[in-house]
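# Understanding the architecture of this molecule
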Amino acid sequence: MSIELNKEARARAVASIERWFQQERDERIGNIAAAALLGYFLQEIAPSIYNQAVAEVQERLATRVSEIDLEVHEDE
């Protein structure tokens, strides 16, 4: 699964990669190379981050549902 970005988010991400290379490595990376690197990140790395975020949200929701159950439960 690859994560897709809209046009504006993709442009910001590419600009961010170019800026990082300039600031951290004192190297200039072109727009095409930055876009290719972003594509790699989105295809290879982003799904793991996405899955971790989903798991954390599921855990928080389960905890909250348990709390709600305790709050609204009435003994018969």
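Overview of the structure. (Residues numbered from 1 in each chain as written. Predicted model: local features only at pLDDT ≥ 70, side-chain atom pairs only at ≥ 80, totals over all residues. Heavy atoms only, no water.)

### Points about the nonpolar core
Counting residues in hydrophobic clusters, the biggest one holds nine residues: Ala-13, Val-14, Ile-17, Phe-21, Ile-29, Ala-34, Leu-38, Leu-42 and Ala-46. The set of elements that each furnish at least two residues to this core consists of α1 (7-25) and α2 (31-72). (Core = buried A, V, L, I, M, F, W, Y, C linked by side-chain atoms within 4.5 Å. Buried < 20%, exposed > 50% of the residue type's maximum accessible area, 1.4 Å probe, protein only. Helix = DSSP H or I, 4+ residues; strand = E, 2+ residues; numbered from the N terminus.)

### Brief notes about α2
For α2, the principal kink sits at Ile-45 and spans about 50°; a proline, Pro-47, occurs within the next four residues. Residues of α2 that are buried: Ala-34, Leu-38, Leu-42, Ala-46 and Pro-47. Against α1 lie the buried residues of α2. (Bend = angle between axes of the 7 residues up to and from the residue. Contact = heavy atoms within 4.5 Å.)

### Let's talk about unusual backbone geometry
Of note in the backbone geometry, Asp-26 takes a positive phi value of approximately 55° without being a glycine. The residue Asp-26 is located in the loop between α1 and α2 in this model. With relative accessibility at 63%, the residue Asp-26 sits in the exposed group.

### Here's the deal with the pattern of salt bridges
Under the criterion given, the structure shown has two salt bridges. Note that Glu-27 is salt-bridged to Arg-25, the shortest N-O span being 3.0 Å. In this structure Glu-27 comes out as partly exposed when scored by relative accessible area, which is 34%. One salt bridge in this structure joins Glu-67 and Arg-64, with 3.3 Å as the shortest N-O distance. Note that Glu-67 and Arg-64 are positioned in helix α2 at a spacing of three residues, about one turn of the helix. Among the residues examined, Glu-67 registers a relative accessible area of 37% and is labelled partly exposed. (Salt bridge = Lys/Arg side-chain N within 4 Å of Asp/Glu carboxyl O.)

### A look at the packing of aromatic side chains
Applying the stated criterion across every chain yields a total of two aromatic pairs. With 5.3 Å between their ring centres and 80° between their planes, Trp-20 and Phe-21 make a pair best called edge-to-face. A relative accessible area of 15% means that Phe-21 is categorised as buried. (Phe/Tyr/Trp six-rings, centres within 6.5 Å; stacked < 30°, edge-to-face > 60°.)

### Quick look at the environment of Asn-51
With respect to the helices and strands, the residue Asn-51 is situated in helix α2. Given the relative accessible area of 47%, Asn-51 is considered partly exposed. Sequence-wise, Asn-51 and Gln-23 are 28 residues apart; in three dimensions their C-alpha atoms are separated by 30 Å.

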